[in-house]
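Survey of secondary and tertiary structure
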Amino acid sequence: MAELKVSVVSADNEVWSGLAKQIVARTTEGEIGILPGHEPLLAILAAGEVRVTTLEGDVVTASAADGFLSVEHNTVTIVARNAELV
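Structure report, in brief. Counting of residues starts from 1 at the beginning of each chain's written sequence and follows it residue by residue. Per-residue local features are limited, in this predicted model, to residues with pLDDT of at least 70; the limit for side-chain atom pairs, both in listing and counting, is 80 or more; totals at the level of whole chains, interfaces and linings are taken over all residues. Neither water nor hydrogens contribute to the side-chain values; these are computed over all heavy atoms in the structure.

1. Digging into the overall build of the protein chain
Along its length, the protein chain carries zero helices and six strands. Reading the protein chain from its N end, one meets helices and strands in the order β-β-β-β-β-β. To get the radius of gyration, use the C-alpha atoms; to get the globule rule, take the number of residues to the power 0.38 and multiply by 2.2 Å. On C-alpha atoms alone, the protein chain measures out to a radius of gyration of 11 Å, which is about the 12 Å that the 2.2 N^0.38 rule sets for 86 residues. Taken over the C-alpha atoms alone, the protein chain extends approximately 30 × 25 × 20 Å along its principal axes. Strands are runs of DSSP state E lasting at least two residues, helices are runs of H or I lasting at least four, and both sets are numbered from the N terminus onward.

What follows is the structure, given as structure tokens:
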């Protein structure tokens, strides 16, 4: 089963990291879903929620603003000036 390695990072700490099967985030272009095998991507985050569905099916939700989302080789990095679990 393919999986995503995910890191959600704020300016001063790591908010969450782990393995996931899906990510949904709000970008300046609209909401985007990321699944394993996604094309490389760099997007600017809009203020809103980042929802991470873990391999077990749990959903981890963080609020994030002022940052970017990067996808490459099933690694997703979300860096935001302000990010926290909700």
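2. Notes on the pairing of strand β3 (residues 30–34)
The pairing of strand β2 (residues 14–27) with β3 spans five bridges and is antiparallel. From the neighbouring strand, Val24 faces β3, where its bridge partner is Gly33. When DSSP locates at least two bridges between a pair of strands, those strands are taken to pair. Between β2 and β3, which pair antiparallel one after the other, the connecting turn spans two residues.

3. Some thoughts on the pattern of salt bridges
Just to be clear on terms, a salt bridge is a Lys or Arg side-chain nitrogen sitting within 4 Å of an Asp or Glu carboxyl oxygen. Applying the stated rule across the entire model yields two salt bridges. Here Glu31 makes a salt bridge to Arg51, at a shortest N to O gap of 3.7 Å. Within this pair, whereas Glu31 is found in strand β3, its partner Arg51 is found in strand β4 (residues 41–54), the two being separated by 20 residues in sequence. Classification of residues uses two cut-offs on accessible area relative to the type maximum, computed with a 1.4 Å probe and protein chains only: under 20% is buried, over 50% is exposed, and between them is partly exposed. With a relative accessible area of 49%, Glu31 lands in the partly exposed category. Among the residues examined, Arg51 registers a relative accessible area of 28% and is labelled partly exposed. Several salt bridges converge on common partners, so that one network encompasses Glu31, Glu49 and Arg51.

4. Points about the environment of Val9
Within the secondary structure, Val9 sits in strand β1 (residues 4–9). In the structure, Val9 is positioned 15 residues away from Val24 in sequence and 16 Å away in space, judged by C-alpha atoms. With near-sequence residues (within four places) excluded, Val9 lies in contact with Glu14, Val15, Ile78, Val79, Ala80 and Ala83. In this description, contact between two residues means that some pair of their heavy atoms is separated by no more than 4.5 Å.

5. Topic: the side chain of Thr54
With respect to the secondary-structure elements, Thr54 resides in strand β4. In this structure, Thr54 is in contact with Trp16, Leu19, Ala20, Lys21 and Val60, ignoring residues within four places of it in sequence.

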